[in-house]
Amino acid sequence: AADALAGGIGAGGGADRDVVPLVRIEPDYPMRARQRGIEGWVALQFTITRAGAVKNAVVVDAYPSSVFNRSAINAVQKWKYNPKIENGRAIERPGVKVVLDFSMEN
């Protein structure tokens, strides 16, 4: 389910094609999870500001719960996007969703 949501991000046409991050910082894999071979994912929701920064990032779902949350939030807060333009002005874009996978292959 996580892959389906992640694959859908930015896949639409039109004005929302710029939902793909210009700068994407990969999350740090928590050492304890890596040592124990734990894999999982975190679904986040946030707002892209008028400047293209991320704010108000929150975890909306995760597996396993809370193992990767901090790493995921720390990563997306460093992402940068093209701001959404309406009527020639940059506006905030709330409700952006992404899923970060934590796999030992990464």
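It should be emphasised that the depicted structure is a prediction, and the values quoted were computed from it without experimental measurement. (Residues numbered from 1 in each chain as written. Predicted model: local features only at pLDDT ≥ 70, side-chain atom pairs only at ≥ 80, totals over all residues. Heavy atoms only, no water.)

**Q** Could you give an account of the side chain of Thr47, with specific residues and numbers?
**A** Summarising the element assignment, Thr47 is placed in strand β1 (residues 40–48). Filtering out sequence-adjacent residues up to four positions away, Thr47 remains in contact with Ala53, Val54, Lys55, Asn56, Glu92, Arg93, Pro94 and Gly95. (Helix = DSSP H or I, 4+ residues; strand = E, 2+ residues; numbered from the N terminus. Contact = heavy atoms within 4.5 Å.)

**Q** Just give me the short version of the environment of Lys80, but keep the residues and values in it.
**A** Here Lys80 is to be found in the loop between α3 (69–76) and β3 (84–86). The exposure class assigned to Lys80 is partly exposed, which follows from its relative accessible area of 38%. In sequence terms Lys80 and Ala53 are 27 residues apart; their C-alpha atoms lie 5.1 Å from each other. When residues no more than four places from it in sequence are discounted, the contact partners of Lys80 are Pro21, Leu22, Val23, Gly52 and Ala53. (Buried < 20%, exposed > 50% of the residue type's maximum accessible area, 1.4 Å probe, protein only.)

**Q** Could you give an account of α3, with specific residues and numbers?
**A** Within the sequence span of α3, burial applies to Asn69, Ser71, Ala72, Ala75 and Val76. Here the buried residues of α3 occupy an arc of 165° about the axis, which is enough to place them on one side. Check the buried side of α3 and you find it contacts β1, β2 (54–63) and β5 (93–102). (Arc of directions from axis to C-beta.)

**Q** Explain the nonpolar core to me, and be specific about the residues and the numbers.
**A** Grouped together as the largest cluster of nonpolar side chains are 20 residues, with contacts concentrated most on Phe46, Trp79 and Tyr81. Among the secondary structure elements, those contributing two or more residues to this core are β1, β2, α3 and β5. With residues up to four places along the chain from it excluded, the contact list for Phe46 reads Val54, Lys55, Asn56, Ala57, Tyr81, Arg93, Pro94, Gly95, Val96 and Val98. (Core = buried A, V, L, I, M, F, W, Y, C linked by side-chain atoms within 4.5 Å.)

**Q** Talk me through the environment of Val59; I want residue IDs and the actual numbers.
**A** One can find Val59 in strand β2. Taking the relative accessible area as the measure of exposure, Val59 reaches 28% and is therefore partly exposed. Separated by 13 residues in the primary sequence, Val59 and Ala72 place their C-alpha atoms 8.5 Å from one another. Filtering out sequence-adjacent residues up to four positions away, Val59 remains in contact with Val42, Ala43, Leu44, Asn69 and Ile73.

**Q** An account of the packing of aromatic side chains is needed here, citing residue identities and associated values.
**A** Considering all chains together, one arrives at five aromatic pairs under this definition. Ring geometry for Tyr29 and Phe102: centres 5.8 Å apart, planes at 70°, overall edge-to-face. Taken as a pair, Tyr29 in the loop between α1 (2–8) and α2 (31–36) and Phe102 in strand β5 lie far apart in primary sequence, 73 residues in all. Phe102 matches Tyr29 in its accessibility class, with the two residues each being buried. (Phe/Tyr/Trp six-rings, centres within 6.5 Å; stacked < 30°, edge-to-face > 60°.)

**Q** Break down the side chain of Thr49 for me, with residues and values.
**A** Turning to its location among the elements, Thr49 is positioned in the loop between β1 and β2. Leaving out residues up to four positions away in the same chain, Thr49 has contacts with Lys55, Pro83, Ile91 and Glu92.

**Q** Please provide a residue-by-residue account of the pairing of β1, values included.
**A** In terms of burial, β1 is a largely internal element, seven of the nine residues being buried. Where β1 and β5 come together, eight bridges link them in antiparallel fashion. The partner of Gln45 across the bridge, within β5, is Lys97. As defined by bridge partners, β1 adjoins β2 across seven bridges and the pair is classed as antiparallel. The residue of β2 that forms the bridge with Thr47 is Lys55. Taking the residues between adjacent antiparallel strands as the criterion, β1 and β2 are bridged by five residues, where Gly52 takes a positive phi near 90°. (Pairing = 2+ DSSP bridges.)

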